[in-house]
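Each chain, letter by letter, is given below.
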Amino acid sequence: MSLINKEVSEFSVQAFQDNAFKTVTKADILGKWSVFFFYPADFTFVCPTELEDLAEKYEDFKSIGCEIYSVSCDSHFVHKAWHDASKTIQKIKYPMLADPTGALARDFDVMIESEGMAERGSFIVNPEGRIVAYEVIAGNVGRNADELFRRVQASQFVASHDDQVCPAKWRPGAETLKPSLDLVGLL
């Protein structure tokens, strides 16, 4: 079953950000674009490479009105301990959401019940709190923040230009397509 257009359920979780704990709720994601970036666990191997990649691109995401939320089933205390122990994780400025009960992972359908961890899932959520794009991949393959950023930009574009679509590798300023009978079978 597809999660496209699924509304994110109500939630309230603890987060670690800016060397402090804070609460993040569904109300915090409404009115802006969000990326929920699920990963299996803190203190692992592929995860810090992905989170660092996002940290290096975070200002770009913020510049287009998009907040990043990394999410694992670890507690906010574990996020702080990882931050304190790792120069890589210290680069992170976005909220690291704690999901020790797996409620968020289940809502986004990425919970691995037998392991108590989340799959690697990236979800783009629109300002209305609905999933407009997502990808879930095997735990042994890292993701690319540049491509995720491009998909957020494309999602934002089509949200404000409902008569147009973005072709493969589209970037802001590039040509889009206007779906019509004239284009069927020509591209």
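Quantities reported herein were computed from a predicted structural model and do not represent experimental measurements.

(A) Representation of the sheet that holds strand β8 (residues 120-125) in the model. Read from one edge of the open sheet, seven strands run β2-β1-β5-β4-β3-β8-β9, paired in mixed fashion. In this open sheet, the two edge strands, each paired with only one partner strand, are β2 (20-25) and β9 (131-137). Each neighbouring strand pair of the sheet contributes to a mean axis angle of 25°, computed without reference to strand direction. Where helix α3 (residues 76-85) meets the sheet, it contacts β1 (12-17), β2, β4 (66-72) and β5 (96-98), and its direction lies at approximately 10° from that of β1. Contacts from helix α5 (residues 145-160) reach β3 (33-38), β4, β8 and β9, with the element oriented near 145° to β3.

(B) Highlighting unusual backbone geometry. Its identity is not glycine, yet Asp18 carries a phi of approximately 55°, on the positive side. One non-glycine residue, Asp109, adopts positive backbone phi at about 60°. With respect to the helices and strands, the residue Asp109 is situated in the loop between α4 (103-107) and β6 (111-112). The class for Asp109 is exposed, based on a relative accessible area of 57%.

(C) Examining the environment of Asp74 more closely. Assignment of secondary structure puts Asp74 in the loop between β4 and α3. Asp74 gets classed as buried once you look at its relative accessible area, which sits at 16%. Placed 28 residues apart in sequence, Asp74 and Gly102 show a C-alpha to C-alpha distance of 9.2 Å. Of the polar contacts made by the side chain of Asp74, one reaches the side chain of Ser72; its length is 2.7 Å.

Reading the values: the criteria
Residues numbered from 1 in each chain as written. Predicted model: local features only at pLDDT ≥ 70, side-chain atom pairs only at ≥ 80, totals over all residues. Heavy atoms only, no water. Pairing = 2+ DSSP bridges. Helix = DSSP H or I, 4+ residues; strand = E, 2+ residues; numbered from the N terminus. Axes fitted to C-alpha atoms, helices over the stretch in contact; angles between N-to-C directions. Contact = heavy atoms within 4.5 Å. Buried < 20%, exposed > 50% of the residue type's maximum accessible area, 1.4 Å probe, protein only. Polar contact = N/O pair within 3.5 Å; in protein donor to acceptor, adjacent residues only side chain to side chain.

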